[in-house]
Amino acid sequence: MSGPGGYGGPGGPGTAGGPGAVLQVAVNGSRGARDGGAVPVAPQDLAESAVAAVAAGAGEVLVHPRTPCGRESLSPRVVGPLLEEMRGAGVRVPLSVPADVDAEPDPAGRLERVRSWTVLPDRAQVRFAEPGAGPLGRALLARGVAVDALVPLGGEAGPEPLARFLEWAQPDRGPVRLVVELAEADPALVAALRWLPPVPVLLYGREAAAWPVLRMAARCGTGARTGVGDVLHLPDGRAARSNAELVAAARDLRDSATATAGIR
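Every value quoted in this text rests on a predicted model; they were computed, and no experiment measured them. Chains are numbered independently. Their residues run from 1 in the order of the written sequence. pLDDT decides what is reported in this predicted model: residues at 70 or higher carry local features, side-chain atom pairs at 80 or more are listed and counted, and totals for whole chains, interfaces and linings draw on all residues regardless. The side-chain figures draw on all heavy atoms in the structure; neither hydrogens nor water molecules are used.

(A) Main features of the overall build of the protein. Within the protein one finds 8 helices and 8 strands. Expected size for 264 residues packed as a compact globule is a radius of gyration near 18 Å; at 17 Å, the protein falls within 12% of this value. Taking the principal axes of its C-alpha atoms as reference, the protein extends roughly 50 × 40 × 35 Å. Relative accessibility under 20% of the residue-type maximum defines a buried residue, over 50% an exposed one, and the middle range a partly exposed one, all with a 1.4 Å probe and only protein chains included. Classification of the 264 residues of the protein by burial places 52% in the buried group. Should any heavy atoms of two residues lie within 4.5 Å, those residues are considered in contact. Within the protein, residue pairs in contact and separated by at least 24 positions form 67% of the contacts whose partners lie at least 6 positions apart. Computed with a 1.4 Å probe, the accessible areas rest on the Shrake-Rupley method; for each residue, only the protein chains presented here act as cover. Counting only carbon and sulfur atoms, one obtains 53% of the accessible surface of the protein, whose full area is about 11,200 Å². Neither His nor the chain ends contribute to the count of charged residues, in which Lys and Arg are positive and Asp and Glu negative. Every charge is mapped onto a representative atom, which is NZ of Lys, CZ of Arg, CG of Asp or CD of Glu. Counting 27 positive and 28 negative side-chain charges, the protein places the averaged centre of each group 3 Å from the other. Numbering of helices and strands runs from the N terminus; a helix is a DSSP stretch of H or I covering at least four residues, while a strand is a stretch of E covering at least two. Throughout, the radius of gyration refers to the C-alpha atoms, and the reference size of a globule is 2.2 Å times the residue count to the power 0.38.

(B) Inspection of the pairing of strand 5 (residues 146–153) at higher detail. Along strand 5, 7 of the 8 residues are buried, which leaves the element largely enclosed by surrounding structure. Only strands that DSSP links by at least two bridges are regarded as paired with each other. Where strand 4 (residues 123–127) and strand 5 come together, 5 bridges link them in parallel fashion. By the bridge assignment, Ala 124 is partnered in strand 5 with Val 147. For strand 5 and strand 6 (residues 176–182), the ladder comprises 7 bridges, and the chain directions are parallel. The residue of strand 6 that forms the bridge with Leu 153 is Leu 182.

(C) Geometry of the layout of surface pockets. Here a cavity denotes grid points, spaced 1 Å and computed from the protein atoms alone, that fit a 1.4 Å probe unable to get out, and a pocket denotes an open set having protein on both sides within 12 Å along at least 5 of 7 lines; residues with an atom within 4 Å of a point are the lining. Grid points are joined across faces, edges and corners, and a volume is the space filled by probe spheres set on the points. The volume enclosed by the largest pocket comes to roughly 320 Å³. Surrounding the largest pocket, 20 residues form its lining, Val 41, Pro 43, Arg 66, Thr 67 and Pro 68 being those nearest its centre. When residues in the lining of the largest pocket are grouped by element, the largest group, 4 residues, is from helix 2 (residues 76–88). Computed from the structure, the second largest pocket encloses a volume of approximately 150 Å³. Forming the boundary of the second largest pocket are 14 residues, of which Gly 29, Ser 30, His 64, Arg 206 and Gly 229 lie nearest the centre.

(D) Here's a closer look at the packing of helix 3 (residues 107–116) against helix 4 (residues 133–142). The geometry of helix 3 relative to helix 4 is characterised by a closest axis approach of 10 Å and an angle of 5° between their N-to-C directions. Taken together, the axes of helix 3 and helix 4 lie roughly parallel to each other. Every residue of helix 4 that contacts helix 3 at Arg 110, Leu 111, Val 114 and Arg 115 is listed here: Pro 135, Leu 136, Ala 139 and Leu 140. Of the residues assigned to the contact of helix 3 with helix 4, the class counts are 6 nonpolar, no polar and 2 charged. What counts as an axis is a line fitted to C-alpha atoms, over the stretch in contact for a helix, and the angles between N-to-C directions run from 0 to 180 degrees. When describing relative orientation, an angle under 35 degrees is termed roughly parallel and one over 145 degrees roughly antiparallel, while 65 to 115 degrees is termed roughly perpendicular and anything else oblique. Gly is put with the polar residues, along with every residue not named as nonpolar or charged; the nonpolar set is Ala, Val, Leu, Ile, Met, Phe, Trp, Tyr, Cys and Pro, and the charged set is Asp, Glu, Lys and Arg.

(E) View of the nonpolar core. Judged by nonpolar contacts, the single largest core of 74 residues is most densely connected at Val 61, Met 86, Leu 140, Phe 165, Leu 182, Leu 193 and Leu 203. No other element matches helix 7 (residues 210–220), which puts 7 residues into this core. Look past the residues within four positions of Leu 182 in its chain and what remains in contact with it is Leu 153, Leu 189, Val 190, Leu 203, Tyr 204, Gly 205, Ala 209, Val 213 and Met 216. Val 22, Leu 150, Val 179 and Leu 202 belong to the second-largest nonpolar core, a separate cluster that totals 5 residues. Each nonpolar core is a collection of buried residues, namely Ala, Val, Leu, Ile, Met, Phe, Trp, Tyr and Cys, held together in the definition by side-chain atoms within 4.5 Å.

In structure tokens, the structure reads:
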């Protein structure tokens, strides 16, 4: 498989400079103030961090909306003001939010929240390891919000999330991207994606897997993700001071990995 954002597996036809090669920044994730000064918390700080990350090379921003007490939320009174704060600060790239169990445990509640949004993100992340992912994805698409279908591979993840995505995804489904969380940079895991529908793919890892997976994404020509939501250290082991520093390091690493793959 190839095409815009399509994936051909390791060594396949994907190109690192194509539409599928976006670099997304996860500006906060599940982290908070206890995780150090590199993690932005207040809406203004999130917006400023996103602006700096985009200036450093991020092409998309993933942000977890939170209430003032720090709880993740899908409420329109939380999501809307945060998106407006970020747009007002000058974030001009696509904005994504997660629509998952951390923000709303009940599948029916997630649907209700998404349908009540008054300010829409460009994209929303739907975890296919959670119940109700299919209807939630359809509800988002009906509202004009692109869907990032999150599927974990490796580690303790079983085959069910990917199977659910494959059952749900259809060529005419709409603006859907597969976001794969890899437990490790194992080419055998990525080989399982060879028979995907023709959708863009983004690969990422967390903590120790973050940088090895980013290198592999560069070699495969897929999109990638970095940011304090996923990793707090740079490739050389130093603590990251900001999302922008992580994005700059990711760009350098990706350029190096892409050049190496080209030489081969």
